[in-house]
Amino acid sequence: MTSDDPIAWLNGEFLPRGEARISPMDRGFLFGDSIYEVIPVYQGVPFRLDEHLDRLKRSLDAISLPEPHSREEWKAMLSGLIEHNGGGNLAVYLQISRGVAPKRDHAFPDPAVEPTVFATTSPVEPPAADHPDRAEGVAVITLDDIRWSRCDIKTTALLANVLLRQQAAREGAVEAVLLRDGFATEGAASNLFIVRDGRVVTPPNSHLILPGITRDLVVELCREHELPVEEREISEAELREADEIWLTSSTREVVPVTRLNARAVGDGQPGPLWKTLARHYVNFKRKLCGL
Ligand code: PDD
């Protein structure tokens, strides 16, 4: 195994990823008729695995795709995958599509076909304290949220997210913060928090955002450590006037935003509440993964 050709899992079999083959008639390829998860692994231990598998089940239910494996089977497959790839710090990508139908037809195949199940890993380094993203914070831009109205489903149909993130990259920003009807929803691939007058605020879970596993954990950690936290809508004006802005995701954890549309957020440095929360996050990870 090398990181160039990791061991992947396709439809019940471990194999070098370079040898994995999927039909062009797969509905994931043709229609984006598929869902996915990204699960962080620290020192070989999957982080918040039950929460990720719960969300996987909710995504499957939302697209009426029967869950192809039991919880025990998922866990056994994932621990095999992690072991095959040397343990350590990884991001597991798991995708399930509605499978390969004999002809291209928008409606579901009848009779149903076997779903395609694919899992792979990539090495990730947990963000170090001296990484520029954490020491200096990152730049973001705001863009109109042009996505559909079921953003709660973790689907691979990500064209809007791809175009939004690419526009951010073109403008030298790491993320696009999305605005819908005068309110901030989330990032193209992350959830959003602001701090205003010592209170942490994040939009409520709804069909307008992905219910992020990292988001939920950050809310939990705020409550546990008595940082005032509110789950409510964030207006565009509040976003622009925020003292701090954070983005959360499984691969990037909690990232401080210090420039919004090329203007400083607060004093232009990662803020005090972010520093407190980031410390609680690292401690939680240590406890959970026995680091
Ligand atoms: N994306 N919102 C969107 C639109 C996302 O795509 C993601 C994650 C999140 C954060 O969710 P979580 O904390 O569960 O990772 C929020 C993953 C990492 C991706 O697509 O690669």
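Draft legend 1. View of helix 3 (residues 71-84). Here helix 3 is 14 residues long and its end C-alpha atoms lie 20 Å apart, about the 20 Å a rise of 1.5 Å per residue gives. Where helix 3 is concerned, the buried positions are W74, M77, L78, G80, L81 and I82. Phi for G86, located one or two positions after helix 3, is positive at around 85°.

Draft legend 2. Just the pattern of salt bridges, in detail. Under the definition given, this model contains 24 salt bridges. Between R165 and E175 there is a salt bridge whose closest N-O contact spans 2.9 Å. Linking R165 in helix 5 (residues 159-170) with E175 in strand 8 (residues 175-180), this pair joins segments that are ten residues apart in sequence. Close ionic contact of R199 with E230 constitutes a salt bridge, the shortest N to O distance being 2.3 Å. Of this pair, R199 sits in strand 11 (residues 199-202) while E230 sits in strand 12 (residues 229-231), placing them 31 residues apart in sequence. Connected through salt bridges with shared partners, the residues D50, D54, R71 and K75 form a single ionic network.

Draft legend 3. Geometry of the site of the ligand. Neighbouring residues of the ligand: 20 residues in total, closest Y36, R55, E186, T214 and S250. Side-chain polar atom of Y36 to an oxygen atom of the ligand: 2.6 Å apart, as the coordinates give it. Within the contact set of the ligand, an oxygen atom lies 2.9 Å away from a backbone nitrogen or oxygen of I213. Elements with a contribution of two residues or more to the shell around the ligand: strand 3 (34-42), strand 9 (183-187), helix 6 (213-224) and strand 14 (244-249). Its residues assigned to classes, the shell around the ligand shows six nonpolar, ten polar and four charged. Taken domain by domain, the makeup of the shell around the ligand includes at least three residues from each of domain 1 (7-124) and domain 2 (130-289).

Draft legend 4. Expanded view of the domain arrangement of the protein. Domain annotation for the protein reports domain 1 (7-124) and domain 2 (130-289). On a C-alpha basis, the centres of domain 1 and domain 2 stand 26 Å from each other. In this complex, domain 1 contributes 21 residues to the contact, which on the side of domain 2 involves 21 residues. Approximately 1800 Å² of surface area, both sides summed, lies buried where domain 1 meets domain 2, with 64% of it carried by carbon and sulfur atoms. At the boundary of domain 1 and domain 2, one finds one salt bridge. Residue E220 pairs with R48 through a salt bridge whose shortest N-O separation is 2.9 Å. There are seven residue pairs in polar contact (both at pLDDT 80 or more) connecting domain 1 and domain 2. In terms of residue count, strand 3 provides more of the side of domain 1 that touches domain 2 than any other element does, seven residues in total. The residue inventory of the side of domain 1 that touches domain 2, partitioned by class, reads eleven nonpolar, five polar and five charged.

Draft legend 5. Expanded view of the pairing of strand 2 (residues 13-16). Note that strand 1 (residues 7-10) and strand 2 share four bridges and pair antiparallel. Looking across to strand 2, one finds that W9 is bridged to F14. Between strand 1 and the antiparallel strand that follows it, strand 2, lie two residues; N11 among them carries a positive phi value of about 50°.

Quick notes on the rules
- Residues numbered from 1 in each chain as written.
- Predicted model: local features only at pLDDT ≥ 70, side-chain atom pairs only at ≥ 80, totals over all residues.
- Heavy atoms only, no water.
- Helix = DSSP H or I, 4+ residues; strand = E, 2+ residues; numbered from the N terminus.
- Expected span 1.5 Å × (residues − 1).
- Buried < 20%, exposed > 50% of the residue type's maximum accessible area, 1.4 Å probe, protein only.
- Salt bridge = Lys/Arg side-chain N within 4 Å of Asp/Glu carboxyl O.
- Near = heavy atom within 4 Å.
- Polar contact = N/O pair within 3.5 Å; in protein donor to acceptor, adjacent residues only side chain to side chain.
- Nonpolar A, V, L, I, M, F, W, Y, C, P; charged D, E, K, R; others polar.
- Domains from an automatic or database assignment.
- Contact = heavy atoms within 4.5 Å.
- Buried area = accessible area lost by both parts, 1.4 Å probe.
- Pairing = 2+ DSSP bridges.

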